[in-house]
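Topology and contacts: notes
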Amino acid sequence: MSDKTPVTVLTGYLGAGKTTLLNRILTEDHGKRYAVIVNEFGEIGIDNDLVVGADEDVFEMNNGCVCCTVRGDLIRVVSGLMKRQRPGKPAFDAIIVETTGLADPGPVAQTFFVDEDVKAKTTLDSVTALVDAKHVMARLDDSKEAREQVAFADRIILNKTDLATPDELDAVEARLRGLNPLAPIVRAERSNVPLDQVLGQHGFDLDRILEVRPDWVNPPHGAEGHVHDEHCGHDHDHDHGHHHHDHDHGHHDHGPRGHAHQDDIKGVSLSLDRPLDGGKFTAWLDRLLAEKGQDILRAKGIIDVAGEDRRLVFQAVHMILEGDLQRPWGDKERRWSRAVFIGRDLDEAALKAGFEACAA
Amino acid sequence: MKTFTFDAQVTAALFDATGAVFALGDGAVVFESGERAEAHDGAVLCACVHPSGDGIITGGDDGKVVWSRRGESVVLATAKGQWIDAIDAAPETGLVAFAFGRTLSVIDPADTHFRRDFSHERTVSGVAFDPKGRRIAASTYGGAALWFARIAQQQPTMLKWAGSHTGVAWSPDGAFVVTTMQDNQLHGWRMKDQRNMRMGGYPGKIRNLAFAANGRLLVTPGAQGVVLWPFEGSQGPMGREATEIGYDEASLVNLVAARPSHGRVAAGLNDGRVWVADPAGQGLDRVRADKGAPIVALTFDADARRLAWADEDGQAGIADL
């Protein structure tokens, strides 16, 4: 596993700050060697690094998976980059894929699960979405791609925060969390986010699914309904009782300012304090992804399976599902099942009913 | 058997008129006799034998097409910094065709002023001259385009089939064009009526293909054994079933080698083993019995008397059969 080259995907619409971030990655004195795949034609060597142009050549696989679109150019470029690899020595510390502003991140991610050679040589590390604090609300209103980029991400960089007021930032964060309850939001100005917040995130690594937080559908700090947790960045008592709060509240309707806007994409959080029947759950998840996989951008979960001492973890990108039994539950750990589905037009009540019907 | 250890991946193995030649991921071209040419600043992505039979022509990720002979390398063409993804040469006409991005270019090493550039809607993944060296098939998304090599202004003949085609070859009689596809199948067209042929059922990637036995057999990797499709008569494999030889459920065949002039077939496996099967012989002749890194290059000389192979860790060999 460790000899695979990690791949980080950067998404974000025009002006969000991708180029600034890429320039920082390429010019900062980090002693690493990166290959950057960009949309522009041409190839430029910057010191140790390599910048390669790609074509956004999206195509459908004839494999019966209706949403299985992949990026042919990435298969070609990644396979080509791997030819530089010497025996036992990776050619690059990481590969960074920049997508165009209008790109759908799904095909980019799926490429790393579908192609045999790409899968053997590389591992998709994470998808980071950059959004511009000043203009993101308008983009989310008028662009399906902008909403999907946010919903798909493992990490969201809320950039250019110096250009927005604290109230605007809170409203933006609330909406971003509604679209994607899984991804941490990092605030930045001029893309000044530490590189270790972008690279090496293990966003698709089952072993690293340590926590899935259904209660992340959480209004921003200071707003009504906010639940204090370790993400607030202030000290508080961990036994304040959010273990006891009612998970049925599940999904807030877009925060305290009550803007009527309802995004077509949202995160649905599910949880259950009773163990699930392993067979029933797997059958439900398989059917769900087969039927709704086109609309489900990402899903992650940690499941307490009846009669099993280990945690069942899963993650999915559209119809591509990976699941495994992970480490054992700790003695003092709370055993419960939780899952988050992020997608278009999700029927929250049906998801909840289906999930709970898997109880052992 | 001669063996070699390279501190780079081998990206192609070929036999020119004199002996075996290896092209490497560090841009070098190494001849069996020991000469080494630093052909590219980057990796060699594709290679073919020079139409004259003297040395090889490589395409690199430095955007150059380079002819390397023992003791000398010259740049034949460039592609504005774009990767050269595929290359082929035609001894019959002396022409060389290569692809970068969506462009197919044709050059004549004997005439430095001759160059044709043909553009496509999607990226070109493979190029192949027909047996007479007059037409070129270029595989791309959605099928293959057929071009006349020397004509400047033309519309290509499109052989259409939905999906991503990753490589292309002509049958030795020029009657069929066959492509490998991203979703582990082959597609073929009969030239006289463009009738489609689907050849599927592969568990793995089909990385190359070759014709053996006067073109009567199409030989492919992508399965636990070497897959042989009958190409006899005008029907080709239509309505007929493939056979598989050397089946081993523990491994997949990564690459095959065969020559139209001979019935001999070679397989390079994903567990590093290499074997040869003779049509008259029984069983498999193990050229490399030990397991190792996946085989990434495999080729016969023109008469299928010698076999060159290389694995992903830079181990390579040449066997006299």
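Cut-offs used in this document
Residues numbered from 1 in each chain as written. Chains lettered and ligands numbered in written order. Predicted model: local features only at pLDDT ≥ 70, side-chain atom pairs only at ≥ 80, totals over all residues. Heavy atoms only, no water. Helix = DSSP H or I, 4+ residues; strand = E, 2+ residues; numbered from the N terminus. Buried < 20%, exposed > 50% of the residue type's maximum accessible area, 1.4 Å probe, protein only. Contact = heavy atoms within 4.5 Å. Areas by Shrake-Rupley, 256 points an atom, 1.4 Å probe, with all protein chains shown as cover. Buried area = accessible area lost by both parts, 1.4 Å probe. Salt bridge = Lys/Arg side-chain N within 4 Å of Asp/Glu carboxyl O. Arc of directions from axis to C-beta. Polar contact = N/O pair within 3.5 Å; in protein donor to acceptor, adjacent residues only side chain to side chain. Pairing = 2+ DSSP bridges. Axes fitted to C-alpha atoms, helices over the stretch in contact; angles between N-to-C directions. Parallel < 35°, antiparallel > 145°, perpendicular 65-115°, else oblique. Left-handed = near helix turned anticlockwise from the far one by under 90°. Nonpolar A, V, L, I, M, F, W, Y, C, P; charged D, E, K, R; others polar.

Brief notes about the overall build of chain A
Of the regular secondary structure elements, chain A holds 9 helices and 15 strands. Here chain A holds 360 residues, and the buried ones make up 55% of them. Across chain A, contacts joining residues at least 24 apart in sequence account for 74% of those joining residues at least 6 apart. As displayed, chain A has an accessible area near 15300 Å², and 48% of this comes from carbon and sulfur atoms.

What about the interface of chain B and chain A?
Listed per partner, the contact involves 37 residues of chain B and 26 residues of chain A. When the two sides are added together, the surface that chain B and chain A hide from each other amounts to roughly 2600 Å², 42% of it contributed by carbon and sulfur. The interface formed by chain B and chain A contains 9 salt bridges. Between Lys-121 of chain A and Glu-312 of chain B there is a salt bridge whose closest N-O contact spans 3.0 Å. Looking at the side of chain B that touches chain A, the elements with two or more residues in it are strand E6 (44–49) and strand E16 (157–170) of chain B. Per-element tally for the side of chain B that touches chain A: the top contributor is E16 of chain B, with 3 residues.

Observations regarding the environment of Ala-302 of chain B
All names here are of chain B. Structurally, the position occupied by Ala-302 is in the loop between strand E28 (295–300) and strand E29 (306–311). Note on Ala-302: relative accessible area 53%, which makes it exposed. Taking the C-alpha atoms as reference, Ala-302 lies 7.8 Å from Ser-261; in sequence the two are 41 residues apart. Excluding residues that lie within four positions of it along the chain, Ala-302 makes contacts with Arg-259 and Ser-261.

Overview of helix H9 (residues 348–356) of chain A
Residue and element names in this part refer to chain A. Taken residue by residue, H9 has Leu-351, Gly-354 and Phe-355 as its buried positions. Angularly, the buried residues of H9 cover 95° about the axis, an arc narrow enough to put them on a single face. The backbone nitrogen of Ala-349 lies 3.3 Å from a side-chain oxygen of the residue at the head of H9, namely Asp-347.

Overview of the sheet that holds E6 of chain B
Residue and element names in this part refer to chain B. Ordered by their spatial adjacency, 4 strands build an open sheet running E6-E7-E8-E9, and the pairing between neighbours is antiparallel. Pairing within the sheet leaves two strands with one partner each, and these edge strands are E6 and strand E9 (72–78). This sheet shows a mean twist of 25° between the axes of neighbouring strands, independent of strand direction. As paired strands, strand E7 (residues 56–60) and strand E8 (residues 64–69) are joined by 4 bridges and run antiparallel to one another. Paired with Gly-59 across the two strands is Val-65, which belongs to E8.

A closer look at the packing of helix H2 (residues 72–82) of chain A against helix H3 (residues 105–114) of chain A
All names here are of chain A. The geometry of H2 relative to H3 is characterised by a closest axis approach of 9 Å and an angle of 50° between their N-to-C directions. Taken as axis vectors, H2 and H3 run oblique relative to one another. Handedness of the crossing formed by H2 with H3: right-handed. From H2, Leu-74, Ile-75 and Val-78 reach across to H3, where they touch Val-108, Thr-111 and Phe-112. Its residues assigned to classes, the contact of H2 with H3 comprises 5 nonpolar, 1 polar and no charged.

Points about the packing of H3 of chain A against helix H6 (residues 144–152) of chain A
All names here are of chain A. At their nearest, the axes of H3 and H6 sit 9 Å apart, and the two run at 40° to each other. Accordingly, the angle class assigned to the pair H3 and H6 is oblique. Where H3 approaches H6, its residues Pro-105, Gly-106 and Ala-109 are matched on the opposing element by Glu-148, Gln-149 and Phe-152. For the contact of H3 with H6, the residue count by class is 3 nonpolar, 2 polar and 1 charged.

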